[in-house]
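Remarks on the overall topology
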Amino acid sequence: MKTMGRSWLVTALLLLLWCCPAGADFMEEFKTRGRSIYLLHAVPRHPLPADTGITALSQKDMAQVNTLAATPEEGPFLPVDDIETMVKRIDGLTEEFEASKDGERLQRLRFDIAYEYFLLYLHYQKIKYGFSEDKRLPDENIPVTDAELRQYLMLSRHYLSPFLEKKEAERNRPPSLRIMDDVTFRVRGNPEAYLNVHFLAMMIEEERQAGGWNDAGSPAPINLTCDAKTWHWLETLWKRYHRKSRERVYVPSAGQLFSLYELYLRYHFLGRSLRYEDTIDPLTHTRTRTLLNRLCQLSKAAGIRGGTPYERYVEEASKDSGDTRFLVSLYLARRGFAVLRNGTLPASKAELFTLYQQYYDRAAQQVRYNIPFRKNIYNELILMGVETGNLRLMEDILYQYGLMGMRIPGPDVGERFIGDSSRFTMAYLMANILEKKRLSGLTDNSARYAEMEGNLVESLTSSANSYWRYASVFHRCLAEYYAGAHDNRNEARAIYHSRKAFLTLCKKLSLNGQGGDFDAFKDMPESRNFLGLFLYYQKKYPTSPDASTPREYRADRIIETKLQQNRS
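Quick caveat: nothing in here was measured; it's all calculated off a predicted structure. (Residues numbered from 1 in each chain as written. Predicted model: local features only at pLDDT ≥ 70, side-chain atom pairs only at ≥ 80, totals over all residues. Heavy atoms only, no water.)

1. Some points on the overall build of the protein chain
Heads up, the rule is: Only DSSP runs of H or I reaching four residues or more are called helices, and only runs of E reaching two or more are called strands; each is numbered from the N terminus. Buried residues are those whose accessible area, probed at 1.4 Å on protein chains only, stays under 20% of the maximum for their type, while exposed residues exceed 50% and partly exposed ones sit between those limits. Residue contacts are defined here by distance: any two heavy atoms, one from each residue, within 4.5 Å place the two residues in contact. Accessible areas in this description were obtained via Shrake-Rupley with a 1.4 Å probe; residue shielding takes into account the shown protein chains only.
In terms of regular secondary structure, the protein chain is built from 23 helices and two strands. Considering the protein chain as a whole, with its 568 residues, one finds that 53% of them fall into the buried category. Taking contacts inside the protein chain between residues at least 6 apart in sequence as the whole, the part at least 24 apart equals 76%. Here the protein chain displays about 25900 Å² of accessible surface, and carbon together with sulfur accounts for 50% of that area.

Next up, the structure:
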C-alpha cells in the first residue's frame, strides 16, 4: 500500500507539471479559483522596454508607480518552485510517518507533511494560472483538476489539524492565547527558519476561502483565532529580536523577521478582503498600522534592495482617521500593475483590469472620513487602466473616473507624484486617448475633449514637472482633428491648436530660463514635429489671426533660427 501510494503521488505530480488553461474559460476560472494567485503571490517579471513616448509617464512618476506596484517575492518560507524537493520530501516523510511510533517525532512529521502539501498546492496553482517561472513545452496542456488541487490543500489541513483541535467543552469559550499555542517547527530542518503551526493554519484557511473550496464535503473552517495567534507569535519574535535574547530560543534576523511579517501581511489582508467585514475591532486598525511601521523599520534594517512601498503605506494608514479598511483593498488592487505587465496570461489586459477595478472601487467606498483621498484612488486606477492600451476602456470607463475625481473638492497637488493630482492624471489620460485616436485615424468625438482646455490643459506647464508634454499632445491632436475632412472641420481651430502646441514648448523653456534657446528647444521630445506642425498650418492658413509669428516666450527666435537653417 505504501509503494502504491507513493507511486500514485509521483505519477500524478509528473502528469500535472505542465498545465495552463487557455481560451475563453480562463478568466471565469481565474476569477473564482485563482483569487489568491492574482491577489497574493509573486508575479513572474518579464522586463519590458521602457516607454519613452511623449505620452508616457515621466521617470519620476514611473518609479513611484513601480514602487507601489512591487509584489513581494515568495520568500524563504514559501519555496514553491522546487517541485523535486517537494516530491521527495512528501514521499520520504510519509513513509517515515507510517513507520514511526515516537510521539514527539510524529508531531514534527505532521507539520512537515502539512507544510509540503501546502507548497505543492501553491506550486500547481501557479503552474495552472501561468504564474510560475517553470518553462513549458508549447504542445503540452495537461489540466490540473479542481479535485486534485483541493485534495492537496485538504491533505495539508488534515495533517495539521491535531495541533488545532480543542476539547468539545472548550469550543464555546472565548479564544485565549496560551503558551501551548506557540508550537513552532523548523522549516525543512533549517535552524535559521521557523514557522508557527497557527501561521501555517491561517495560510491554509485563507487559500481555501480564496479558492472557493467550501463545498459540502469540506470540513468546518479553521477557527479565525489562528490569525490572532499568529500575530501573538510575531509579537514574541519582535521582542526577542530587540532584546537579542541569549536564551536557547529562536531569534530571527532582520531579514527573516521582515519575510515573516510580509507573509503575514499578505494573508491577513487577503482574509480581511474575503470576509469583507463592515465593522472591525479598533484593535485591528492599530495592529495594521503597527504591522506597516515594523515592515518599514525592518526593510531598512535588513537593507532590502530596490526599496519597498511600506513608507507610503505608513503614511496612507493615517489618511482616514486611522481606519484601515480601504488600505486592504488598495493593497490588493495595486497588484494589478504587475499582473498586467506580466504579458503571458491567456487574457487581454482589459479583461485583467476588471479584476482590479473592483478592488479600487471598494477601496474608494471604504474611505469614510477623508473623502478627498478618494481622488488618489481613482487616479491610480486610471494609471493602471492606461497601461492596458485599450482605447475603448480609456474613453468609456477611465474618462468617467477622471471626471469623478476632478469633481471631488479638496487639495490637488501632484508635484511629488502624478497620482496625487486629479488634474495631472486626467491630462495624462486625455493625452493618451487623443494620441491613440490620432495615430489610428479614429478621431470621432475628439472635439468633446476641447472643453477641458481652459480649466485643465493651460495649467499643466510648470518648471517643476514635465506635464507640458500632455498639453502639447492635446493641442496637436485637436489641430489635426479640426483640419480633417469631416463635418467638424474648422481651419481656425486647427491653426489655433497648432500654435498652442508649439507655444507650450516655448513656455516651458521660458520658465526654465531658456526662452528662445534653439539648442534647448531641439532637445525637447518631438520638438521638431510641434514646430513643423505650426509652420505647416501657418503656410496653409495664412489669413488666420493665429497664423502670425508669435512673440510670446521668445517663440519668434525659435522660428527665425529654424527658417534660417532651412534657407542655408
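2. Topic: helix H6 (residues 103-128)
For the record, the criterion: Working rule for helices: expected span equals 1.5 Å times residues minus one. Polar contacts, as counted here, are pairs of nitrogen or oxygen atoms within 3.5 Å of one another; within protein the pair requires one atom able to donate a hydrogen and one able to accept it, and residues that are adjacent in sequence qualify only if both atoms are side-chain atoms.
Here H6 is 26 residues long and its end C-alpha atoms lie 37 Å apart, about the 38 Å a rise of 1.5 Å per residue gives. Among the 26 residues in H6, 20 count as buried, and that is most of the element. Among the residues of H6, the N-terminal cap falls to aspartate 102, whose side-chain oxygen and the backbone nitrogen of glutamate 104 are separated by 3.0 Å. Trailing H6 by a residue or two, glycine 130 shows a phi angle of about 75°, which is positive.

3. A few points about the confidence of the model for the protein chain
Interpretation of this model should avoid reading the predicted coordinates in detail wherever pLDDT is low. As a reminder of what qualifies: Confidence scores here are pLDDT values: one per residue, from the predictor, ranging 0 to 100.
With 88% of its residues at a pLDDT of 70 or more, the protein chain shows a mean pLDDT of 85. Within the model, pLDDT remains below 50 along residues 135-140, and this stretch shows eight contacts once partners closer than five positions in the same chain are excluded. Throughout residues 167-172 the model reports pLDDT below 50, and contacts reaching past four residues in sequence, or to other chains, amount to two contacts.

4. A short note on the side chain of histidine 41
Along the chain, histidine 41 falls in the loop between helix H3 (35-39) and helix H4 (59-69). By relative accessible area, which is 1% here, histidine 41 ends up buried. At a separation of 3.2 Å, a polar atom in the side chain of histidine 41 contacts the side chain of glutamate 74. Residues within four places of histidine 41 in sequence aside, it is in contact with Ser36, Glu74, Leu78, Leu122, Glu207, Arg266, Tyr267 and Arg335.

5. Re unusual backbone geometry
At glutamate 526, a position not held by glycine, the phi torsion is positive, near 55°. Among the structural elements, glutamate 526 can be located in the loop between helix H21 (518-522) and helix H22 (527-540). For glutamate 526, a relative accessible area of 30% corresponds to the partly exposed category. The backbone phi angle of tyrosine 553 is positive, close to 55°, even though this residue is not glycine.

6. Observations concerning the pairing of strand S2 (residues 190-196)
Short version of the rule: We call two strands paired when DSSP finds no fewer than two bridges between them.
Pairing analysis gives four bridges linking strand S1 (residues 184-187) to S2, with the strands arranged antiparallel. Across the sheet, threonine 184 pairs through a bridge with asparagine 196, a residue of S2.

7. Focus on the packing of helix H18 (residues 422-440) against helix H19 (residues 468-482)
We apply this condition: Note on method: axes are straight lines fitted to C-alpha atoms, helices fitted across the in-contact stretch only, with angles between N-to-C directions ranging 0 to 180 degrees. A crossing counts as left-handed when the near helix is turned anticlockwise from the far one by less than a right angle, and as right-handed when that turn is clockwise.
Viewed as axis vectors pointing N to C, H18 and H19 meet at an angle of 35°, and their least axial separation amounts to 9 Å. Note that H18 runs across H19; the crossing there is left-handed. Packed against H18, whose contacting residues are Ala427, Tyr428, Met430, Ala431, Leu434, Glu435 and Arg438, the element H19 presents Tyr470, Val473, Phe474, Arg476, Cys477 and Glu480 at the interface.

8. Looking at the nonpolar core
Generally speaking, a soluble globular protein has its nonpolar side chains buried in company with each other. Formally: Joining through side-chain atoms within 4.5 Å is the link that ties buried Ala, Val, Leu, Ile, Met, Phe, Trp, Tyr and Cys residues into a set, and such a set is a nonpolar core.
Judged by nonpolar contacts, the single largest core of 176 residues is most densely connected at Phe30, Leu195, Leu200 and Tyr267. In terms of residues, this core owes the most to one element, H6, which gives 13 residues.

9. Re the packing of aromatic side chains
Two aromatic rings are characterised by how far apart their centres lie and by the angle between their planes. So the rule is basically this: Ring pairs shown here join Phe, Tyr and Trp side chains whose ring centres sit within 6.5 Å, with only the six-membered ring taken for Trp; geometry is labelled stacked below 30 degrees between planes, edge-to-face above 60, and tilted in between.
Across all of its chains, the model carries 36 aromatic pairs by this definition. Aromatic side chains tyrosine 194 and tyrosine 250 sit 4.6 Å apart centroid to centroid with 35° between the ring planes, which places their arrangement in the tilted category. Here tyrosine 250 lies in the loop between helix H9 (225-243) and helix H10 (254-275) and tyrosine 194 lies in strand S2, a separation of 56 residues in the sequence. Across the pair, exposure class does not vary: tyrosine 194 and tyrosine 250 are buried alike. Of the aromatic side chains, those joined through ring pairs into one cluster are Phe199, Trp231, Trp233, Trp238, Tyr241, Tyr261 and Tyr264.

10. Here we look at the environment of histidine 285
For histidine 285, the position within the fold is in helix H11 (residues 282-301). Placed 39 residues apart in sequence, histidine 285 and threonine 324 show a C-alpha to C-alpha distance of 5.6 Å. Once you skip the residues sitting within four places of it in the chain, histidine 285 turns out to touch Arg272, Ile280, Gly322, Asp323, Thr324 and Arg325.

11. Topic: H11
If you check H11, its first and last C-alpha atoms are 29 Å apart, about what 20 residues at 1.5 Å a residue would give, namely 28 Å. All buried positions along H11 are accounted for by His285, Thr288, Leu291, Leu292, Arg294, Leu295, Cys296, Leu298 and Ser299. Elements in contact with the buried residues of H11: H9, H10, helix H12 (310-316) and helix H13 (325-333). Once H11 finishes, glycine 303 follows within two positions and takes phi at roughly 65°, a positive value.

12. Some thoughts on the pattern of salt bridges
The line we're drawing: Definition used for salt bridges: Asp or Glu carboxyl oxygen within 4 Å of a side-chain nitrogen of Lys or Arg.
Throughout the structure, instances matching the rule amount to 36 salt bridges. For glutamate 435, the salt bridge is made with arginine 438, and the minimal N-O distance between the two is 2.9 Å. You can see glutamate 435 and its partner arginine 438 sitting in helix H18, three residues apart, about one turn around the helix. Classification of arginine 438 by relative accessible area gives partly exposed; the value is 22%. One connected set of salt bridges, linked through shared partners, spans Arg312, Glu315, Glu316, Lys319, Arg334, Glu380, Arg416 and Asp420.

13. Notes on the environment of glycine 515
If you trace the backbone, glycine 515 turns up in the loop between helix H20 (491-511) and H21. A relative accessible area of 18% places glycine 515 in the buried class. In this structure the C-alpha to C-alpha distance between glycine 515 and arginine 554, which are 39 residues apart in sequence, comes to 5.7 Å. Residues within four places of glycine 515 in sequence aside, it is in contact with Leu509, Ser510, Tyr553 and Arg554.

14. Here we look at the packing of helix H14 (residues 335-342) against helix H16 (residues 373-386)
Threshold: Each angle gets one of four labels, with under 35 degrees taken as roughly parallel, over 145 as roughly antiparallel, 65 to 115 as roughly perpendicular, and the rest as oblique. Note on residue classes: Ala, Val, Leu, Ile, Met, Phe, Trp, Tyr, Cys and Pro are nonpolar, Asp, Glu, Lys and Arg are charged, and everything else, Gly too, is polar.
Put simply, H14 and H16 touch, their axes get as near as 10 Å, and they point 5° apart. Accordingly, the angle class assigned to the pair H14 and H16 is roughly parallel. Within the contact between the two elements, H14 uses Gly336, Phe337 and Leu340 and H16 uses Glu380, Leu383 and Met384. Of the residues belonging to the contact of H14 with H16, the class tally is four nonpolar, one polar and one charged.

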